[in-house]
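# Overview (structure and organization)
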Amino acid sequence: MVVDDHPMWRDGVARDLTEAGYLVTAAVGEGAQALRVAAAAAPEVVVLDLQLPDLPGVDVIHGLLAAVPGVRILMLSASGEQQDVLDAVKAGANGYLIKSAGRDEFLDAVRRTADGDAVFTAGLAGLVLGEYRRLAATPSGRDDEQPQLTDRETEVLRLVAKGLTYRQVADRLVVSHRTVQNHVQNTLGKLQLHNRVELVRYAMEHGILNTD
């Protein structure tokens, strides 16, 4: 699903996706409209503009995640401001691409987002990782309140946080791609998280990323 309030840009993005073999289930220009049609459109990936005329992008992210559990959201925005990027990621966006990106870079970002990767325009990934490192350095003081993960869930979490795709994790653990997805979804549910980026943050905060 494509959500952008500029008709020419929205139509161009939808056309590029269609020509690349994707099924565009909806293309809308307002956040409220996106939330109304999301459940029926049932997109796997939403390409979402941050600046919409009716609703803040962060509110649209929250609404989409509630309407379509498991949906992956790729921000496609003209803004590369630090706070805009961090707000979108903290709200649940899986990636953030600047609109100056070329067609091939955009289509690659959509593919990787669909695969469960965290995708960012060059330079923004370091910004997000730096913020998570800062947060990781601040003790939460709530470790005793954290739900318990199984050994396999922890192993999958560690590999995902290291940057492996779900397919790579499946190959490493000699399990199916679907099994890995199920472990990730179970972990997200237990930890009350929304996406892969938040899983990386959790892994860093709790020392899981650094275990062998």
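Structure: see above.
Residues numbered from 1 in each chain as written. Predicted model: local features only at pLDDT ≥ 70, side-chain atom pairs only at ≥ 80, totals over all residues. Heavy atoms only, no water.

### Concerning the sheet that holds strand 4 (residues 72-77)
In space, the six strands of this open sheet follow the order 2-1-3-4-5-6, with parallel pairing throughout. The sheet is open, and its two borders are formed by strand 2 (27-28) and strand 6 (119-120), each paired with just one other strand. Relative to strand 6, strand 5 (residues 95-98) runs parallel, the two being bridged by two bridges. Following the sheet pairing, Y96 is matched in strand 6 by F120. (Pairing = 2+ DSSP bridges. Helix = DSSP H or I, 4+ residues; strand = E, 2+ residues; numbered from the N terminus.)

### A few points about the side chain of T113
For T113, the location among the structural elements is in helix 5 (residues 103-114). If near-sequence neighbours (up to four positions away) are discounted, T113 is found in contact with V45, R72, L74, N94 and V119. (Contact = heavy atoms within 4.5 Å.)

### Side note on helix 1 (residues 7-19)
With 13 residues, helix 1 should cover 18 Å at 1.5 Å per step; its first-to-last C-alpha distance of 18 Å lies within 8% of that length. Along helix 1, the positions that sit buried rather than exposed are R10, G12, V13, A14, D16 and L17. Against the buried residues of helix 1 lie strand 1 (2-3), strand 2, strand 3 (45-48), strand 4 and helix 5. Two residues or fewer after helix 1 comes G21, characterised by a positive phi angle close to 100°. (Expected span 1.5 Å × (residues − 1). Buried < 20%, exposed > 50% of the residue type's maximum accessible area, 1.4 Å probe, protein only.)

### Considering the pattern of salt bridges
Summed over the entire model, instances satisfying the criterion amount to 10 salt bridges. Here E19 ties to R103 by a salt bridge, and the two come within 3.6 Å at their closest N and O atoms. Placement of the pair is E19 in helix 1 and R103 in helix 5, with a sequence separation of 84 residues. Residue R103 is classed as partly exposed on the basis of its relative accessible area, which comes to 37%. Put simply, R111 and D115 hold a salt bridge, and the shortest N to O gap is 3.6 Å. The class for R111 is partly exposed, based on a relative accessible area of 40%. Linked by salt bridges that have partners in common, D108, R111, D115 and R167 make up one network. (Salt bridge = Lys/Arg side-chain N within 4 Å of Asp/Glu carboxyl O.)

### Overview of the pairing of strand 3
What you see with strand 3 is no split at all: V45 and V47 on one side and V46 and L48 on the other are buried throughout. In this structure, strand 1 lies alongside strand 3, joined through two bridges in parallel fashion. Looking at strand 3, one finds that V2 is bridged to V47. Here strand 3 pairs with strand 4 via four bridges, running parallel. Bridge pairing links V46 to I73 in strand 4. For the handedness criterion, the β-α-β arrangement of strand 3, helix 3 (residues 57-67) and strand 4 is classed as right-handed. (Right-handed = clockwise from strand over helix to strand, strands pointing away.)

### Looking at unusual backbone geometry
One non-glycine residue with positive phi stands out, namely V174, at about 55°. With respect to the helices and strands, V174 occurs in the loop between helix 8 (166-173) and helix 9 (177-191). Of note in this structure, Q192 is not a glycine but carries a positive phi near 60°. By the element assignment, Q192 lies in the loop between helix 9 and helix 10 (196-205). Accessibility expressed as a relative area gives 69% for Q192, which makes it exposed.

### With respect to the nonpolar core
Within the largest apolar cluster, 28 residues are counted, with the highest numbers of intra-cluster contacts made by M1, L48, I61, I73 and M75. Of all the secondary structure elements, the ones that give two or more residues to this core are helix 2 (31-41), strand 3, helix 3, strand 4, helix 4 (82-91) and strand 5. Apart from residues lying up to four places away in sequence, M1 is in contact with T25, A26, A34, V37, A38, A41, P43, V45, V46, V47 and L64. Listed in part, the 22 residues of the second largest apolar core include L159, Y166, L188 and L199. (Core = buried A, V, L, I, M, F, W, Y, C linked by side-chain atoms within 4.5 Å.)

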